[in-house]
Amino acid sequence: MMVLRLYIDLMSQPSRAVALFLRANSISYEEVQVALRKQEHKSPNYAKINPFLKVPAIEHDGFKLVESSAILQYLCRSFNVSDHWYPSDTKKMAIVDSYMAWQHLNVRINAALLFRTKLESILSGNPVNEKKVASLESGLKIALSQIESIWLKDRPFIATDQVTIADLVAVTELEQPGELS
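Residues numbered from 1 in each chain as written. Predicted model: local features only at pLDDT ≥ 70, side-chain atom pairs only at ≥ 80, totals over all residues. Heavy atoms only, no water.

Visitor: Any chance you could break down the overall build of the chain for me, citing the residues and the numbers?
Guide: A count of helices and strands for the chain gives 6 helices and 4 strands. Counting helices and strands in the order they occur from the N terminus, the chain gives β-α-β-α-β-β-α-α-α-α. Along the three orthogonal principal directions, the C-alpha set of the chain runs to about 50 × 45 × 25 Å. Of all 181 residues assigned to the chain, the portion counted as buried reaches 43%. Carbon and sulfur atoms form 55% of the exposed surface of the chain, whose accessible area is close to 10,000 Å². Each charge class in the chain was averaged separately, 20 positive and 20 negative side chains, and the resulting centres sit 5 Å apart. (Helix = DSSP H or I, 4+ residues; strand = E, 2+ residues; numbered from the N terminus. Buried < 20%, exposed > 50% of the residue type's maximum accessible area, 1.4 Å probe, protein only. Areas by Shrake-Rupley, 256 points an atom, 1.4 Å probe, with all protein chains shown as cover. Lys, Arg positive; Asp, Glu negative; His and termini not counted. Charge placed at Lys NZ, Arg CZ, Asp CG, Glu CD.)

Put into C-alpha coordinates, the structure is as follows:
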(Lines give C-alpha, C1' and ligand atoms only; values in the text may rest on other atoms or scores of the structure.)
Protein backbone atom coordinates (compact mmCIF):
# COMPACT_ATOMS: atom_id res chain seq x y z
CA MET A 1 0.00 0.00 0.00
CA MET A 2 1.29 3.44 -0.95
CA VAL A 3 1.74 5.88 1.92
CA LEU A 4 0.49 9.44 1.52
CA ARG A 5 2.23 11.95 3.76
CA LEU A 6 0.82 15.45 4.15
CA TYR A 7 3.20 18.11 5.47
CA ILE A 8 1.11 20.88 6.99
CA ASP A 9 0.55 23.56 9.55
CA LEU A 10 -3.15 24.17 10.10
CA MET A 11 -2.37 27.88 10.48
CA SER A 12 -1.89 27.78 6.71
CA GLN A 13 -5.02 28.15 4.60
CA PRO A 14 -3.67 26.00 1.75
CA SER A 15 -2.81 23.29 4.30
CA ARG A 16 -6.36 23.34 5.67
CA ALA A 17 -7.87 23.06 2.19
CA VAL A 18 -5.84 19.92 1.43
CA ALA A 19 -6.54 18.38 4.85
CA LEU A 20 -10.27 19.06 4.49
CA PHE A 21 -10.31 17.44 1.06
CA LEU A 22 -8.54 14.32 2.37
CA ARG A 23 -10.90 14.05 5.34
CA ALA A 24 -14.03 14.70 3.26
CA ASN A 25 -13.03 11.85 0.97
CA SER A 26 -11.83 9.46 3.70
CA ILE A 27 -8.39 9.26 2.11
CA SER A 28 -5.91 7.75 4.52
CA TYR A 29 -2.79 9.81 5.12
CA GLU A 30 -0.01 10.44 7.58
CA GLU A 31 -0.01 14.02 8.87
CA VAL A 32 3.40 15.57 9.43
CA GLN A 33 3.22 18.85 11.35
CA VAL A 34 5.56 21.60 10.16
CA ALA A 35 5.28 24.41 12.71
CA LEU A 36 5.55 27.68 10.81
CA ARG A 37 5.77 29.71 14.04
CA LYS A 38 8.89 27.71 14.94
CA GLN A 39 10.33 28.19 11.43
CA GLU A 40 10.37 24.41 10.85
CA HIS A 41 9.56 24.99 7.18
CA LYS A 42 13.00 26.57 6.79
CA SER A 43 14.94 23.56 8.07
CA PRO A 44 17.36 21.64 5.82
CA ASN A 45 15.30 18.47 6.33
CA TYR A 46 12.08 20.14 5.17
CA ALA A 47 13.91 21.70 2.21
CA LYS A 48 14.36 18.13 0.96
CA ILE A 49 10.56 17.80 0.87
CA ASN A 50 9.76 21.28 -0.43
CA PRO A 51 12.64 23.41 -1.73
CA PHE A 52 10.30 26.44 -1.73
CA LEU A 53 10.06 26.10 2.08
CA LYS A 54 6.27 26.39 2.23
CA VAL A 55 3.36 24.22 3.31
CA PRO A 56 1.56 22.15 2.29
CA ALA A 57 3.51 19.47 0.53
CA ILE A 58 2.80 15.80 -0.04
CA GLU A 59 4.88 12.71 -0.52
CA HIS A 60 3.07 9.81 -2.15
CA ASP A 61 5.06 6.61 -2.52
CA GLY A 62 8.25 8.63 -3.02
CA PHE A 63 6.68 11.24 -5.31
CA LYS A 64 6.87 14.75 -3.85
CA LEU A 65 4.50 17.55 -4.82
CA VAL A 66 4.13 21.13 -3.63
CA GLU A 67 1.56 23.92 -4.11
CA SER A 68 -1.94 23.31 -2.81
CA SER A 69 -3.70 23.70 -6.18
CA ALA A 70 -1.46 21.10 -7.80
CA ILE A 71 -1.81 18.83 -4.77
CA LEU A 72 -5.61 19.01 -4.84
CA GLN A 73 -5.70 18.30 -8.58
CA TYR A 74 -3.28 15.38 -8.16
CA LEU A 75 -5.35 13.90 -5.33
CA CYS A 76 -8.52 14.13 -7.42
CA ARG A 77 -6.84 12.27 -10.27
CA SER A 78 -5.01 9.72 -8.11
CA PHE A 79 -7.74 8.63 -5.72
CA ASN A 80 -11.25 7.37 -6.26
CA VAL A 81 -13.21 10.53 -5.45
CA SER A 82 -16.47 11.85 -6.80
CA ASP A 83 -16.18 13.70 -10.10
CA HIS A 84 -17.77 16.82 -8.62
CA TRP A 85 -14.55 17.68 -6.76
CA TYR A 86 -12.60 18.23 -10.00
CA PRO A 87 -14.94 17.61 -12.94
CA SER A 88 -13.79 15.53 -15.88
CA ASP A 89 -15.92 17.77 -18.12
CA THR A 90 -13.24 20.05 -19.57
CA LYS A 91 -15.34 23.22 -19.43
CA LYS A 92 -16.27 22.69 -15.78
CA MET A 93 -12.66 21.77 -15.00
CA ALA A 94 -11.52 24.97 -16.70
CA ILE A 95 -13.81 27.04 -14.47
CA VAL A 96 -12.32 25.34 -11.39
CA ASP A 97 -8.81 26.01 -12.75
CA SER A 98 -9.73 29.60 -13.55
CA TYR A 99 -10.89 30.29 -10.00
CA MET A 100 -7.81 28.59 -8.53
CA ALA A 101 -5.58 30.87 -10.61
CA TRP A 102 -7.67 34.02 -10.01
CA GLN A 103 -7.90 33.66 -6.26
CA HIS A 104 -4.14 33.93 -5.68
CA LEU A 105 -3.94 37.60 -6.64
CA ASN A 106 -7.42 38.55 -5.48
CA VAL A 107 -8.60 36.63 -2.44
CA ARG A 108 -5.42 35.04 -1.13
CA ILE A 109 -3.12 38.04 -1.29
CA ASN A 110 -5.57 40.22 0.64
CA ALA A 111 -6.90 37.62 3.10
CA ALA A 112 -3.53 36.08 3.96
CA LEU A 113 -1.75 39.42 4.32
CA LEU A 114 -4.60 40.83 6.42
CA PHE A 115 -4.40 37.83 8.76
CA ARG A 116 -0.60 38.04 8.91
CA THR A 117 -0.62 41.80 9.58
CA LYS A 118 -3.05 41.39 12.48
CA LEU A 119 -1.28 38.32 13.86
CA GLU A 120 2.16 39.99 13.79
CA SER A 121 0.71 42.92 15.75
CA ILE A 122 -0.77 40.58 18.36
CA LEU A 123 2.43 38.54 18.70
CA SER A 124 4.76 41.54 18.84
CA GLY A 125 2.55 43.70 21.03
CA ASN A 126 3.02 46.57 18.58
CA PRO A 127 0.07 48.55 17.24
CA VAL A 128 -1.39 47.27 14.01
CA ASN A 129 -0.62 49.26 10.86
CA GLU A 130 -4.12 50.66 10.32
CA LYS A 131 -3.34 52.01 6.85
CA LYS A 132 -2.14 48.59 5.68
CA VAL A 133 -5.16 46.88 7.29
CA ALA A 134 -7.55 49.33 5.56
CA SER A 135 -5.90 48.72 2.19
CA LEU A 136 -6.05 44.92 2.57
CA GLU A 137 -9.66 45.05 3.79
CA SER A 138 -10.56 47.16 0.77
CA GLY A 139 -8.91 44.64 -1.58
CA LEU A 140 -10.69 41.78 0.17
CA LYS A 141 -14.06 43.54 -0.12
CA ILE A 142 -13.50 43.92 -3.88
CA ALA A 143 -12.64 40.21 -4.15
CA LEU A 144 -15.73 39.26 -2.12
CA SER A 145 -17.90 41.40 -4.35
CA GLN A 146 -16.43 39.68 -7.41
CA ILE A 147 -17.03 36.25 -5.90
CA GLU A 148 -20.68 37.13 -5.39
CA SER A 149 -21.26 38.98 -8.68
CA ILE A 150 -19.16 36.77 -10.98
CA TRP A 151 -18.27 33.37 -9.52
CA LEU A 152 -21.56 32.80 -7.68
CA LYS A 153 -23.76 34.79 -10.04
CA ASP A 154 -25.56 31.85 -11.67
CA ARG A 155 -24.79 28.93 -9.37
CA PRO A 156 -24.62 27.95 -5.69
CA PHE A 157 -20.91 27.05 -5.77
CA ILE A 158 -17.79 28.68 -7.23
CA ALA A 159 -17.51 26.63 -10.43
CA THR A 160 -20.48 24.31 -10.81
CA ASP A 161 -23.75 23.30 -9.15
CA GLN A 162 -21.80 21.08 -6.75
CA VAL A 163 -18.90 21.62 -4.38
CA THR A 164 -15.42 21.47 -5.98
CA ILE A 165 -11.87 21.94 -4.79
CA ALA A 166 -12.30 25.62 -5.69
CA ASP A 167 -14.93 25.91 -2.96
CA LEU A 168 -12.61 24.37 -0.36
CA VAL A 169 -9.92 26.87 -1.32
CA ALA A 170 -12.41 29.76 -1.12
CA VAL A 171 -13.90 28.74 2.24
CA THR A 172 -10.60 28.13 3.98
CA GLU A 173 -9.17 31.39 2.65
CA LEU A 174 -12.17 33.52 3.59
CA GLU A 175 -12.55 32.13 7.11
CA GLN A 176 -9.02 32.99 8.18
CA PRO A 177 -9.03 36.82 8.50
CA GLY A 178 -12.04 36.66 10.82
CA GLU A 179 -10.28 34.29 13.20
CA LEU A 180 -8.44 37.22 14.80
CA SER A 181 -11.47 39.49 15.20
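Visitor: If you had to explain the nonpolar core to someone new, which residues and values would you point to?
Guide: Judged by nonpolar contacts, the single largest core of 34 residues is most densely connected at Phe-21, Ile-58, Leu-75, Tyr-99 and Ile-165. Looking at this core, the elements that each hand over two or more residues are β1 (4–8), α1 (13–24), α3 (68–78), α4 (90–124), α5 (130–151) and α6 (165–175). Counting residues in each nonpolar core, the second largest holds 7 residues, with Tyr-7, Tyr-46, Ile-49 and Ala-57 among its members. (Core = buried A, V, L, I, M, F, W, Y, C linked by side-chain atoms within 4.5 Å.)

Visitor: Can you tell me about the environment of Val-107, naming the residues and giving the values?
Guide: You can see Val-107 is positioned in helix α4. Judged by relative accessible area, which is 0%, Val-107 ranks as buried. Spatially, the C-alpha atom of Val-107 lies 19 Å from that of Leu-10, the residues being 97 residues apart in sequence. What Val-107 contacts, discounting residues up to four positions off in sequence, is Tyr-99, Trp-102, Leu-140, Ala-143, Ile-147, Glu-173 and Leu-174. (Contact = heavy atoms within 4.5 Å.)

Visitor: Tell me about the pairing of β1, and name the residues and values.
Guide: Consecutive side chains along a regular strand alternate between the two faces of the sheet. Burial of β1 is extensive: 4 of the 5 residues sit out of reach of the surface. Where β1 and strand β3 (residues 57–60) come together, 4 bridges link them in antiparallel fashion. Looking at the pairing, Tyr-7 lines up with Ala-57 of β3. In terms of handedness, the path from β1 via α1 over to strand β2 (residues 30–33) forms a crossover that is right-handed. (Pairing = 2+ DSSP bridges. Right-handed = clockwise from strand over helix to strand, strands pointing away.)

Visitor: For the sheet that holds β2, give the residues involved together with the corresponding values.
Guide: Within the open sheet, the 4 strands sit side by side as β2-β1-β3-β4. Their pairing is mixed. Since the sheet does not close on itself, it has two edges, and those belong to β2 and β4 (63–66), each with one partner. Going across the sheet, the axis of each strand differs from the next one's by a mean of 20°, ignoring polarity. Running over the sheet, α1 touches β1 and β2 and is turned about 150° from β1. This element, α3, spans β1, β3 and β4 of the sheet and lies at about 130° to β4. (Axes fitted to C-alpha atoms, helices over the stretch in contact; angles between N-to-C directions.)

Visitor: Describe the layout of surface pockets, with residues and values.
Guide: Within this model, the largest pocket holds a volume of roughly 1,000 Å³. Around the largest pocket, the lining comprises 31 residues; the ones closest to its centre are Ser-12, Leu-36, Lys-54, Arg-108 and Arg-116. Of all the secondary structure elements, the ones that give two or more residues to the lining of the largest pocket are α1 and α4. Examining the composition of the lining of the largest pocket, we find that 10 residues originate from one element, α4, more than from any other. Of the residues assigned to the lining of the largest pocket, the class counts are 14 nonpolar, 9 polar and 8 charged. (1 Å grid on protein atoms, 1.4 Å probe; cavity = no way out; pocket = protein on both sides within 12 Å on 5 of 7 lines; lining within 4 Å. Points joined across faces, edges and corners; volume = space filled by probe spheres on them. Nonpolar A, V, L, I, M, F, W, Y, C, P; charged D, E, K, R; others polar.)

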